[in-house]
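# Structural description and commentary
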Amino acid sequence: MLQSFFVWMQGLPFSAWMLEETWASPIIQCAHLVALVGFAGAVLVVDMRLLGRGLIKTPLNQLARELDRWMIWSFVALFVTGAPQVLSTALKQYYSPFFWWKMQIIVIGLLFNFTIRRRVALAEEGTLGHWPKVVGFLSIGIWTSVSVYARLIGLLS
Amino acid sequence: MRSLFEWVDALPSSIALRESLNAYPTMLTIHVVSMCLFAGLIAYWDMRLIGFTLKKVPVSNIPTRLFPWALTGYGINLITGALLLYSQPMRYYGNFYFWAKMALMLVAGINMFWFHYATYKSVQAWDQGREIPLNARLAGVVSLVLWAAVVVTGRMMAYSGLMPGWWNNLNIGA
């Protein structure tokens, strides 16, 4: 069933247009990479603060609140620029283990971010012991894995 | 310049790196991850200067607290970038986007030094306040645009078929 969905995506006129239009894929990929930089920065500034590094003179919850919207909008940009790439190379993605690992980790990352990480980042500092460090470390690990798998889809699939 | 690239291209270690199945994916993946560390942090520094975000964070906090991490990312990025170039010098020699990226990095570096040694010296006067001087805001805009262009030209290096016509006419890679 999932395979037929990917075959359907690959057969869409938009997918054909993406493949035929010389500049469509490069422009989308460049925009995806710029959005990735925006996302990575917003995540890292807060994660480093969770680890007790970076902007330690600024309250953690203040940083987390301010960068939350940058993280969300960068993620939206990543999704908007990522979806056309999946559509135009749907079958390549379907048969790539890295694509599925990436998707699974993205889901884990989103759930982790909007539940545990957000709660820990917005909590009163000094009340959660070592948990902020664990959460910061896990968050960096999760999003680094996503970028690694994303890169490997193109290189090894 | 071309003979230097050809000389590197023929070195046994360059050939070994080029022919290794794992070297290229490994180097490129580390290059992208370290780019996220460097460019991600620099982007928020630039946006702080422009006044887009982190307005309550004193400006001087960012270089002291975030730059060591950003520079670590930059160092790893430079090493992996140099290794990528070392492994396939002739692939990059004729590539317009490679030279554009190098030029943009140079200009971004000059902008960074100019800002650091000129505008940043008066940071104590505008460190806590929200009113950032025009020179600093301009340096932030220039830096943001230049580093975004570095990222874009870096990605475009894979598209050797999409180089400008005038560049192709120069026959540099031939």
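This text goes with the structure placed above it.
What comes next is a walk through the structure.

About the thresholds
- Residues numbered from 1 in each chain as written.
- Chains lettered and ligands numbered in written order.
- Predicted model: local features only at pLDDT ≥ 70, side-chain atom pairs only at ≥ 80, totals over all residues.
- Heavy atoms only, no water.
- Helix = DSSP H or I, 4+ residues; strand = E, 2+ residues; numbered from the N terminus.
- Buried < 20%, exposed > 50% of the residue type's maximum accessible area, 1.4 Å probe, protein only.
- Contact = heavy atoms within 4.5 Å.
- Areas by Shrake-Rupley, 256 points an atom, 1.4 Å probe, with all protein chains shown as cover.
- Axes fitted to C-alpha atoms, helices over the stretch in contact; angles between N-to-C directions.
- Parallel < 35°, antiparallel > 145°, perpendicular 65-115°, else oblique.
- Left-handed = near helix turned anticlockwise from the far one by under 90°.
- Nonpolar A, V, L, I, M, F, W, Y, C, P; charged D, E, K, R; others polar.
- Salt bridge = Lys/Arg side-chain N within 4 Å of Asp/Glu carboxyl O.
- Core = buried A, V, L, I, M, F, W, Y, C linked by side-chain atoms within 4.5 Å.
- Patch = residues over 30% accessible without salt bridge, like charges linked within 9 Å, V, L, I, M, F, W, Y side chains within 5 Å.

Let us now look at the overall build of chain B. Scanning chain B from N- to C-terminus turns up nine helices and zero strands. Listed by position from the N terminus, the elements making up chain B come as α-α-α-α-α-α-α-α-α. With 174 residues in all, chain B has 47% of them scored as buried. Considering only contacts within chain B whose residues lie at least 6 apart along the sequence, 80% involve residues at least 24 apart. Counting every atom, chain B has about 8700 Å² of accessible surface; 69% of that belongs to carbon and sulfur.

Residue and element names in this part refer to chain A. Orientation of helix H3 (residues 24–50) relative to helix H6 (residues 97–122), taken along the N-to-C sense of each, is 40°, at an axis distance of 13 Å. By the criterion of interaxial angle, the relationship of H3 to H6 is oblique. Handedness of the crossing formed by H3 with H6: left-handed. On H6, the residues that touch His32, Ala42, Val43, Val46, Asp47 and Leu50 of H3 are Lys102, Arg117, Val120 and Ala121. Grouping the amino acids of the contact of H3 with H6 by side-chain chemistry returns six nonpolar, one polar and three charged.

Attention now moves to the pattern of salt bridges. If you walk through the whole model with that rule in mind, you get six salt bridges over all chains. Arg49(A) serves as the salt-bridge partner of Glu125(A), at 2.8 Å between the closest nitrogen and oxygen. In this pair, Glu125(A) sits in the loop between H6 and helix H7 (131–156) while Arg49(A) sits in helix H3, placing the two residues 76 residues apart along the sequence. On the basis of relative accessible area, Arg49(A) is assigned to the buried category, the value being 7%. With a shortest N-O distance of 3.0 Å, Asp9(B) and Arg18(B) are connected by a salt bridge.

So, on to the nonpolar core. Judged by nonpolar contacts, the single largest core of 62 residues is most densely connected at Met35(B), Leu41(B), Val59(B), Phe115(B) and Trp126(B). In this view, Leu41(B) contacts Gly41(A), Leu44(A), Val45(A), Met48(A), Cys36(B), Leu66(B), Trp69(B) and Ala70(B); residues no more than four positions away in its chain are not counted. One finds Tyr93(B), Met157(B), Tyr159(B) and Met163(B) within the second-largest nonpolar core, a separate group that totals 16 residues.

What follows covers unusual backbone geometry. All names here are of chain B. Located in the positive-phi region is Leu54, a residue other than glycine, with phi close to 55°. Among the structural elements, Leu54 can be located in the loop between helix H3 (23–50) and helix H4 (61–87). With a phi angle near 55°, Asn171 is a residue other than glycine that sits in the positive phi range. Secondary-structure assignment places Asn171 in the segment after helix H9 (165–170). For Asn171, a relative accessible area of 52% gives the class exposed.

Residues and elements named next belong to chain A. A surface patch of nonpolar side chains, about 610 Å² in accessible area, is lined by Ile72, Trp73, Val76, Phe79, Val80 and Phe114. One can find Phe114 in helix H6. Here Phe114 falls in the partly exposed class, since its relative accessible area comes to 38%.

Residues and elements named next belong to chain B. With respect to the helices and strands, Phe67 occurs in helix H4. On the accessibility criterion, Phe67 (22% relative accessible area) is partly exposed. The sequence separation of Phe67 and Tyr44 amounts to 23 residues, and the corresponding C-alpha distance is 11 Å. Among residues more than four places away in sequence, those in contact with Phe67 are Ile42, Trp45 and Ile62.

Residue and element names in this part refer to chain A. Along the chain, Ser88 turns up in helix H4 (residues 60–88). Assessed through its relative accessible area of 3%, Ser88 is described here as buried. Excluding anything up to four places from it in sequence, Ser88 contacts Gln10, Ser15, Met18 and Leu19.

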